[in-house]
Amino acid sequence: MLNATPKDQIERTGLTINPAKTCQPIGAMYAALGINKCLPHSHGSQGCCSFHRMHLTRHYRDPIIASTSSFTEGSCVFGGKSNLTQGLTNIFSIYNPDVVAINTTCLSETIGDDVGEIVRDAKVPEGKTVIYASTPSYQGSHITGFSNMCKSMVSQLAVKEEDKANGKINIFPGFVEPSDMKEIKRIAKELKIEFIMYPDTSEVVNTPNTGKYEMYPSGGTTIADIKDSGNSIATLALGSYASQDAAFTLEKQCEVVPYVLKTPIGIKATDAMVMNLLELTGGSVSKELEIERGQLVDLMVDIHHHYHNKKVAIYGDPDIILALTEFVIDLGMVPKYVITGTPGKAFEKEIKEVLEAAEIKDCIVKIEGDLFGLHQMIKNDPVDMLIGNTYGKYIARAENIPLVRIGFPILDRVGHSFFPTVGYKGAMRLIEKISTAFLDKVDMECLEEDFELVM
Ligand code: SF4
């Protein structure tokens, strides 16, 4: 497996191999699915749209809807205005969504289509909404695309109305699973907080099988709620890469105060989210949450000896792996490599702060890194565990290292769309996943005389 990956590392400037990211529009498509009765639309050639739908379908094992402007060579030369105009007419007459959320591909961005102008000229039926985000694939990653679509939801929909303060907190959950969004909502409800969350893909990409196909499932944030987010007290942006641009835009547009926090993975980040919500609303922690937190601490103590000093490589999307790095340190593990494919200097700084606070010195942090480079590092100085998406399974097999699948995409396991990794409950699930991976390996490989019933 991966026999062509040499141990010797050469500094690469022009070549990426096995990237730890994908392109912007898929993130924008995922964000758009978090609006109620929304059809994401890809303005470009149809290959991008098929690929992004396919990838999301493989990850969620649910139908993922999206339409495309289906550019031809002619559109590339003369622009995609007629494709999009005709596309919108067809979409509303055939598929009848309440909202169309348009993202762009590298093709329409390169030829310079003015999507805003095309939408303004198009005949949008009464009561229907069209929003658009610029998502050039040659900048950032799928997380940038998610962030850009969230920002467009704010800039094109949210309004502050005089004397209409709603007393609510906005929660921008970031690029997390539908199960995570549901768990964040459950925590907010436990704290008796009135909130508006968007985007919210729970019950959109993890629908029940009722025997009947629903093109627009019941989930997703309504347009009315997104508009009303301009009247809220404050915004909690969870994960700076995915959510802070939207929160800052809302502050500028509607004077809603933003608070940027880590994605609530692990005990510290969940505590920070809970405390921030309570400070804003003056409420108190519910008994149920107190019990959950206590159970998590109990579990952390119970398994500490399995985790102590274990070296781990973490790769994937910046918001997720930042919080995960902090959590594995709390479990007694040592992050050895932390790699994201998404560009942005802020990540390096934030990770370094977490590592310095824990006095961990020899961890390699790499932005715009790839899995080929990670494999080479592991060949030179191995780790005990890999944490990241499915693409790490090749390294896991080649080097006989257990892999815990967290992040996007997970194409070869199930559960992530139904069971959270955020919050205290999610942290308990993470501990179970990590422990099982470690101990299964010990059971399979230890000497017979060391094979233990109780571990
Ligand atoms: S990189 Fe460009 S061409 Fe490729 S899928 Fe993304 S948007 Fe489409």
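Our subject in this report is the structure included herewith.

Basis of the calculations
- Residues numbered from 1 in each chain as written.
- Predicted model: local features only at pLDDT ≥ 70, side-chain atom pairs only at ≥ 80, totals over all residues.
- Heavy atoms only, no water.
- Helix = DSSP H or I, 4+ residues; strand = E, 2+ residues; numbered from the N terminus.
- Rg over C-alpha atoms; globule rule 2.2 N^0.38 Å.
- Contact = heavy atoms within 4.5 Å.
- Areas by Shrake-Rupley, 256 points an atom, 1.4 Å probe, with all protein chains shown as cover.
- Lys, Arg positive; Asp, Glu negative; His and termini not counted.
- Charge placed at Lys NZ, Arg CZ, Asp CG, Glu CD.
- Near = heavy atom within 4 Å.
- Nonpolar A, V, L, I, M, F, W, Y, C, P; charged D, E, K, R; others polar.
- Patch = residues over 30% accessible without salt bridge, like charges linked within 9 Å, V, L, I, M, F, W, Y side chains within 5 Å.
- Salt bridge = Lys/Arg side-chain N within 4 Å of Asp/Glu carboxyl O.
- Buried < 20%, exposed > 50% of the residue type's maximum accessible area, 1.4 Å probe, protein only.
- Phe/Tyr/Trp six-rings, centres within 6.5 Å; stacked < 30°, edge-to-face > 60°.
- Core = buried A, V, L, I, M, F, W, Y, C linked by side-chain atoms within 4.5 Å.
- Pairing = 2+ DSSP bridges.
- Axes fitted to C-alpha atoms, helices over the stretch in contact; angles between N-to-C directions.
- Expected span 1.5 Å × (residues − 1).

### A word on the overall build of the protein chain
So, step 1. The secondary structure content of the protein chain amounts to 18 helices and 13 strands.
So, step 2. Relative to the globule expectation of 23 Å for 455 residues, the C-alpha radius of gyration of the protein chain, 23 Å, shows essentially globular dimensions.
So, step 3. Dimensions of the protein chain, computed from C-alpha atoms along their principal axes, come out at roughly 75 × 55 × 45 Å.
So, step 4. Long-range contacts, defined as pairs at least 24 residues apart, comprise 75% of the intrachain contacts of the protein chain with a sequence gap of at least 6.
So, step 5. Carbon together with sulfur atoms contributes 52% to the accessible area of the protein chain, which is approximately 20200 Å² in total.
So, step 6. Within the protein chain, the 58 negative side-chain charges are centred at a point lying 3 Å from the centre of the 44 positive side-chain charges.

### Examining the site of the ligand
So, step 1. Neighbouring the ligand are C23, P25, C48, H52, T105, C106 and S137.
So, step 2. Residue composition of the shell around the ligand, grouped by class: 4 nonpolar, 3 polar and no charged.

### Notes on a negative patch on the surface
So, step 1. Together, E448, E449, D450 and E452 line one region of the surface with negative charge.
So, step 2. Tracing the chain through its elements places E448 in the segment after α18 (423–445).
So, step 3. Its relative accessible area of 76% is what places E448 among the exposed residues.

### What about the packing of aromatic side chains?
So, step 1. In this structure the tally under the stated criterion is 7 aromatic pairs.
So, step 2. On the numbers, 5.3 Å between centres and 50 degrees between planes, the contact of F175 with F408 is tilted. Linking F175 in the loop between β5 (169–172) and α8 (178–190) with F408 in the loop between β13 (403–405) and α18, this pair joins segments that are 233 residues apart in sequence. F408 carries the same exposure label as F175, and that label is buried.
So, step 3. Three or more aromatic residues joined by ring pairs make a cluster, and in this case those are Y30, Y60, F146, F175 and F408.

### As for the nonpolar core
So, step 1. One finds L56, F347, M385, I387 and I434 to be the most contacted residues of the largest nonpolar core, which totals 117 residues.
So, step 2. If near-sequence neighbours (up to four positions away) are discounted, L56 is found in contact with I26, M29, Y30, L33, R61, I64 and F408.
So, step 3. Of all hydrophobic cores here, the second largest spans 15 residues; its members include M377, I378, I401 and L403.

### Section: the sheet that holds strand β9 (residues 311–316)
So, step 1. An order of β11-β10-β9-β12-β13 is seen for the 5 strands of this open sheet, with the pairing classed as parallel. Either end of the sheet is taken by a strand with one partner, and the two such strands are β11 (364–367) and β13. Pairwise comparison of adjacent strand axes, ignoring direction, gives a mean angle of 15 degrees for this sheet.
So, step 2. Where strand β10 (residues 334–340) lies against β11, 4 bridges are found, and the strand directions are parallel. For I339, the partnering residue across the bridge sits in β11 and is K366.

### Focus: helix α10 (residues 240–254)
Every α-helix carries 3.6 residues per turn, so stepping three or four residues along brings you back to the same face.
So, step 1. The end-to-end C-alpha distance of α10, which contains 15 residues, comes to 20 Å, matching closely the 21 Å that a straight helix rising 1.5 Å per residue would cover.
So, step 2. Inspection of α10 places S240, Y241, A242, S243, A246, A247, T249, L250 and C254 among the buried residues, and these make up the whole buried set.
So, step 3. Along its buried surface, α10 packs onto α7 (142–157), β5, β7 (234–238), β8 (257–261), α14 (318–330) and α15 (345–357).
So, step 4. One or two residues past the end of α10 sits E255, with phi positive at roughly 60 degrees.

### Concerning the pattern of salt bridges
So, step 1. The final tally for this structure, using the stated rule, is 24 salt bridges.
So, step 2. D412 is the partner of K393 in a salt bridge, and the nearest nitrogen-oxygen pair spans 2.9 Å. Placement of K393 in helix α17 (residues 393–399) and of D412 in the loop between β13 and α18 is noted, with a sequence separation of 19 residues between them.
So, step 3. Each of K311, K336, D362 and D381 takes part in one network of salt bridges that share partners.

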